[in-house]
Amino acid sequence: MSSFEELMMNRLDSFAENQRNLHDLCVSNFQRFDNRFDNMDARFMNLDEQIEAVHNQIFDLQYAADDE
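The rules we used
- Residues numbered from 1 in each chain as written.
- Predicted model: local features only at pLDDT ≥ 70, side-chain atom pairs only at ≥ 80, totals over all residues.
- Heavy atoms only, no water.
- Salt bridge = Lys/Arg side-chain N within 4 Å of Asp/Glu carboxyl O.
- Helix = DSSP H or I, 4+ residues; strand = E, 2+ residues; numbered from the N terminus.
- Buried < 20%, exposed > 50% of the residue type's maximum accessible area, 1.4 Å probe, protein only.
- Phe/Tyr/Trp six-rings, centres within 6.5 Å; stacked < 30°, edge-to-face > 60°.

Enquirer: Help me out: how do you make sense of the pattern of salt bridges in this one?
Expert: If you walk through the whole model with that rule in mind, you get one salt bridge. E17 is paired through a salt bridge with R20; the nearest N and O atoms lie 2.8 Å apart. With a gap of three residues between them, E17 and R20 both fall in helix 1 (residues 3-67), about one helical turn apart. Looking at E17, the relative accessible area reads 35%, which means it is partly exposed.

Structure representation (C-alpha cells):
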C-alpha cells in the first residue's frame, strides 16, 4: 500500500473507533436515564400508595365522627 492509502486506512480505523466509543457512551447514558425513570416511577407509585392510605384514614375518621 502507498503511504496515502495507509494514512487513509488509519484515519478510517480511528473514525470507526470513535464511532464505537460514541455509541457505547450513548447506550450507557440512555441506560442511566432509563434507570432514573424506573426509580422515579417506583417513588411515585409509593407516594400514590401513601396518599391513598392517608385518604382512607381520613375517610375512616370522618365515618367514625358521623357515627357518633
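Let's pick the thread back up.
Enquirer: When you look at the packing of aromatic side chains in this model, what are you seeing that I'm missing?
Expert: When we look at a pair of aromatic rings, we describe it by the centre distance and by the angle of the planes. A full pass over the atoms with the stated rule returns two aromatic pairs. Judged by centre distance (6.4 Å) and plane angle (70 degrees), the rings of F30 and F33 are edge-to-face. With F30 and F33 both in helix 1 and three residues apart, this pair spans about one turn of that helix. You can call F33 partly exposed: its relative accessible area is 43%.

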